[in-house]
Amino acid sequence: MKSLKNHISVIIPLFILLFSFEFAVMLDRVVKNYEENLFNDYSIVIASMSKLDEENLKKEIPLIKKLEPLSTKKVIDKFKNDFSPANLAYLRSSLPKFYSVKLKYPPDEKTLEEIEKKLRSIPSITKVETFEKSYTKIYMMLNFSKVISNIFTIFIFIISILLIFKQMEIWTLEHQERMYIMGLFGSPFWMKSAVLYKLVFIDSIISAVGVGLFFYFVPKTQKFQEIMKSIGLDFSGFRLLDDMSLLLGISIFITIFSVTLVILRQRTELR
Amino acid sequence: MDKIIVHAQNLHLSYKKGEPVIKNSSFSIHKNDFVFITGKSGSGKSTLIRSLYGELPLEKGSLNVCGIDLQNVGKQKLNVLRKHIGVIFQDYKLIKEWTVEKNVMLPLMIAGYSKNVCTMQAHKLLKHVKLLHKADKYPLELSGGEQQRIAIARALAHNPLLILADEPTGNLDEYSSEVIWDLLKGAHHHLGTTIVIVTHKIPSTLGINYRHYFLDGGVINEVS
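All values reported here derive from a predicted model rather than from experimental measurement.

Looking now at the overall build of chain B. Along its length, chain B carries six helices and 10 strands. On C-alpha atoms alone, chain B measures out to a radius of gyration of 17 Å, which is about the 17 Å that the 2.2 N^0.38 rule sets for 224 residues. Summarising its shape, the C-alpha atoms of chain B cover approximately 50 × 40 × 35 Å along the three principal directions. Across chain B, contacts joining residues at least 24 apart in sequence account for 69% of those joining residues at least 6 apart. Carbon and sulfur atoms make up 49% of the accessible area of chain B, which totals about 10,600 Å². Averaging the positions of the 27 positive and the 20 negative side-chain charges in chain B gives two centres separated by 6 Å.

So this is what it looks like as structure tokens:
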């Protein structure tokens, strides 16, 4: 019973730590995915009185990836029945040229303002529409959720590490007499500490597998998928090999590191 | 002259810059000696024993045990020394989470013997101390006398050059004490092990030749 309690005292903080870490990783993935989709659909629309040269514009604004002319055919077609061919021809020649500007990567608010300023400084450009308000709002919201999630993970990480350290200290004190007796007969450090390393190794695996199973199976449930679909998020899911190795690695590293640190601290007190 | 197992020269021992417990003491213990160290309570008997297995660092002087100089000795050399020594304590110092058999196997496991060899040797020793039938028990299931017999079996397991015993019968009744003295005498007689015992009283019916050191005022003097 005592042994089970000891194990649970390590497994729970470790599970929470790994859970928050994996949650942050998953959220980052979802946000990135969402950001990519958002960016793919995003473009700046400009109206120019004369034809624009893509290469010149790229030189002026290196962030520009592509300049695509927008067809005015649909607009002119709307007036087909109401206007005479001569008037239509006049309209066609007097309409400005519309372009869609695609960027290389998602700009922040400041960059977007700079791009707009540079575009407006080109004399032939009469109108620039960056859709700044809606774009920036979503972009900021995503970044904010990422920051909040990261802060939350850091807090959980610190608290969990402290809890694990405390438990390691309790374990070391419990094993201190055995380690002392083994030392009296010339036992090397690794042999005296082997039991503790074995215990934390088992707990690390249990915690990592537990978190892995949660993140592997829960997103596969119908309910979860329905929620994701309704909020328009593309959940790429748990990458079994990559994420599991990462969880195991972090879990083993943290526990081995904490137990070594606690043992070394105790070791200086024992000759 | 016989080989010297312990050699102390102008030895000073103290606890963390306090008044020296052992002052300017010089003595030698030879191979196959059976030595008693006596003295009043607080005279430094246990301190001396602790320094012999390297738990207490020297303040001044020199101390050589089993060929290892204990002045500024490192952890690795200390482990080597302890592989040549068997220690017995008044409170037995058995690992209570381990079975009797595993406790006896401890020095052999540290020496790196295979599990089969460890088990065989442990059974041999348990038979010798007449506790083979309790091999699967845990120390706390045994009486004080039985626990001390296990501690002796453990101290003898790796065939040490030197056995250091700190009040080995201090917690035992007369009958159990006699059994312990017989086991220690047997180890000395049959295996040629050097034995150093710290005690406040030498048993009157020991029936062997021994050397006797007396600790008084922090100085060790040979009585006989």
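Moving on from the model shown.
So, about the confidence of the model for chain A. Residues at a pLDDT of 70 or more form 94% of chain A, whose mean pLDDT is 84. Mean pLDDT across the secondary structure elements of chain A bottoms out at helix α3 (residues 73-78) of chain A, with 77, and peaks at helix α7 (residues 189-217) of chain A, with 91.

Our focus in this paragraph is the pairing of strand β9 (residues 211-216) of chain B. All names here are of chain B. Pairing between strand β3 (residues 34-39) and β9: five bridges, direction parallel. Across the sheet, residue Thr38 finds its bridge partner in β9, namely Phe214. Pairing of β9 with strand β10 (residues 219-222) involves four bridges; the strand directions are antiparallel. Among the inter-strand pairings, Tyr213 is bridged to a residue of β10, identified as Glu222. Counting the residues between successive antiparallel strands, the hairpin from β9 to β10 contains two residues, one of them, Gly217, with a positive phi of roughly 60 degrees.

With that out of the way, let us pick up a nonpolar patch on the surface. Residue and element names in this part refer to chain A. On the surface, Val147, Ile151, Phe155, Ile159 and Leu163 cluster together into a nonpolar patch covering about 480 Å² of accessible area. Position of Leu163 relative to the elements: it lies in helix α6 (residues 132-184). Residue Leu163 is classed as partly exposed on the basis of its relative accessible area of 47%.

Looking at the assigned domains, one finds that chain A contains domain 1 (2-37 + 137-270) and domain 2 (43-130). The centre of domain 1 of chain A, based on its C-alpha atoms, is set 52 Å off from the matching centre of domain 2 of chain A.

We now examine the interface of chain A and chain B. Interface size is commonly expressed as the accessible surface area that is lost when the partners come together. Every contact between the two is made by 17 residues of chain A and, on the other side, 29 residues of chain B. Interface of chain A and chain B: buried area, both sides summed, is about 1,900 Å²; carbon and sulfur atoms make up 62% of it. Between the two partners, chain A and chain B, sit one salt bridge. Between A:Glu177 and B:Lys96 there is a salt bridge, with its nearest N and O atoms 3.2 Å apart. The element that contributes the greatest number of residues to the side of chain A that touches chain B is α6(A), accounting for eight residues. For the side of chain A that touches chain B, the class distribution of residues is eight nonpolar, three polar and six charged.

Criteria and cut-off values
For every chain, the first residue of the written sequence is number 1, and numbering continues from 1 along that sequence. Think of it this way: whatever chain is written first is A, whatever ligand is written first is 1, and the rest follow in order. Under the rules for a predicted model, residues below a pLDDT of 70 receive no local features and side-chain atom pairs below 80 are neither given nor counted, while totals for whole chains, interfaces and linings still include all residues. Side-chain figures throughout are based on the complete set of non-hydrogen atoms in the structure, without hydrogens or water. The helix count covers DSSP runs of H or I at least four residues long, the strand count covers runs of E at least two residues long, and both are numbered beginning at the N terminus. The reference for a compact globule is 2.2 Å times residues^0.38; the radius of gyration itself is calculated from the C-alpha atoms. Residues are treated as being in contact if the distance between any of their heavy atoms lies within 4.5 Å. What sets the accessible areas is the Shrake-Rupley method with a 1.4 Å probe; for residues, cover comes only from the shown protein chains. Charge assignment in this entry is limited to Lys and Arg as positive and Asp and Glu as negative, and neither His nor the chain termini are counted. Where a charge sits is defined by one atom per residue type, namely NZ (Lys), CZ (Arg), CG (Asp) or CD (Glu). pLDDT is defined as a per-residue confidence score from the predictor, taking values between 0 and 100. One bridge is not enough; two strands pair if DSSP finds at least two bridges between them. Within the patch definition used here, like charges are joined within 9 Å and nonpolar side chains (Val, Leu, Ile, Met, Phe, Trp, Tyr) within 5 Å, considering only residues with over 30% relative accessible area and no salt bridge. Salt bridge, as applied in this entry: a Lys or Arg side-chain nitrogen positioned within 4 Å of an Asp or Glu carboxyl oxygen. In this scheme, a residue with accessible area under 20% of its type's maximum is buried, one over 50% is exposed, and one in between is partly exposed, where area comes from a 1.4 Å probe on protein chains only. For the domain bounds, the source is a domain assignment made automatically or taken from a database. Simply put, the buried area is the total loss of 1.4 Å probe accessible area from both parts when two parts are fitted together. Under the scheme applied here, ten amino acids are nonpolar (Ala, Val, Leu, Ile, Met, Phe, Trp, Tyr, Cys and Pro), four are charged (Asp, Glu, Lys and Arg), and all others, including Gly, are polar.

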